[in-house]
Amino acid sequence: MSATTIIDSAPLGALIRYTDGSPKPPARFTKKLAAWERSNGVGRLVKKEPPRVYPTWTAPASFTLHEGNFSSDGVILVTIMRSHSADSRLIFEVAEEPKPGQVRVLLDFGGNTELLHLAESVAAAELWIAREGYRNARLEIVGAEDGDRAGGADLAA
């Protein structure tokens, strides 16, 4: 599927696999392998952005994948996020959708919504918010027909 299809139909929290279609090189070719890994991977869909119009050009719609964290002693040092525009030549597929009953922890800013965390239950989501300190986060239960928030509009840490 194309990047546009992901933007149009994939839900926040879905695992998205992407590839350029080339075979994985042997591990002994470290530079070729590193280049291949930049065009082939998997990440959790955390943000979708519409096209943005600037005075001299228009940025295409895009989406952002969270590919992982590097941590030390329980402290996240680096978060790997990768954005793909609607005109990307990569091939995308939804590897896994969030399961009904899971809870999305969302943050709204700048007219967009970003997924901060995908929890197994409302209690786990509230615990995550309290631990991480996101004061304006809201909860959304996956599979809720009208997207009702669980908890409240603004949950204090």
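Residues numbered from 1 in each chain as written. Predicted model: local features only at pLDDT ≥ 70, side-chain atom pairs only at ≥ 80, totals over all residues. Heavy atoms only, no water.

## Quick word on the overall build of the chain
No. 1: When you go through the chain residue by residue, the secondary structure sums to three helices and ten strands.
No. 2: Along the chain, helices (α) and strands (β) appear in the sequence α-β-α-β-β-β-β-β-β-β-β-α-β when read from the amino end.
No. 3: Summarising its shape, the C-alpha atoms of the chain cover approximately 50 × 45 × 30 Å along the three principal directions.
No. 4: One way to put it: in the chain the 18 positive side-chain charges average out to a point 10 Å from where the 20 negative ones average out. (Helix = DSSP H or I, 4+ residues; strand = E, 2+ residues; numbered from the N terminus. Lys, Arg positive; Asp, Glu negative; His and termini not counted. Charge placed at Lys NZ, Arg CZ, Asp CG, Glu CD.)

## Focus on the environment of arginine 138
No. 1: With respect to the helices, strands and loops of the structure, arginine 138 is situated in strand E10 (residues 138-141).
No. 2: In the structure, arginine 138 is positioned 34 residues away from arginine 104 in sequence and 8.2 Å away in space, judged by C-alpha atoms.
No. 3: A polar atom in the side chain of arginine 138 sits 2.8 Å from the side chain of aspartate 108. (Polar contact = N/O pair within 3.5 Å; in protein donor to acceptor, adjacent residues only side chain to side chain.)

## A closer look at the domain arrangement of the chain
No. 1: Domain annotation for the chain reports domain 1 (1-96) and domain 2 (98-143).
No. 2: The centre of domain 1, based on its C-alpha atoms, is set 21 Å off from the matching centre of domain 2.
No. 3: Taken together, the contact between domain 1 and domain 2 spans 13 residues of the former and nine residues of the latter.
No. 4: Buried area between domain 1 and domain 2, summed over both chains or domains, comes out near 830 Å², and the portion from carbon and sulfur atoms is 58%.
No. 5: The largest share of the area that domain 1 buries against domain 2 comes from Leu12, Val46 and Lys47, three residues that together contribute 50% of it. (Domains from an automatic or database assignment. Contact = heavy atoms within 4.5 Å. Buried area = accessible area lost by both parts, 1.4 Å probe.)

## Observations regarding the nonpolar core
No. 1: Core analysis: the largest hydrophobic core is formed by 17 residues, its most contacted members being Ile6, Ile16, Leu45, Phe63, Leu65 and Phe92.
No. 2: Of all the elements in the fold, those that place two or more residues in this core are helix H1 (3-9), strand E1 (15-19), strand E2 (41-49) and strand E5 (62-72).
No. 3: Per-element tally for this core: the top contributor is H1, with three residues.
No. 4: Setting aside residues up to four positions removed in sequence, phenylalanine 92 forms contacts with Met1, Ser2, Ala3, Ile6, Ile16, Arg17, Tyr18, Phe63 and His84. (Core = buried A, V, L, I, M, F, W, Y, C linked by side-chain atoms within 4.5 Å. Buried < 20%, exposed > 50% of the residue type's maximum accessible area, 1.4 Å probe, protein only.)

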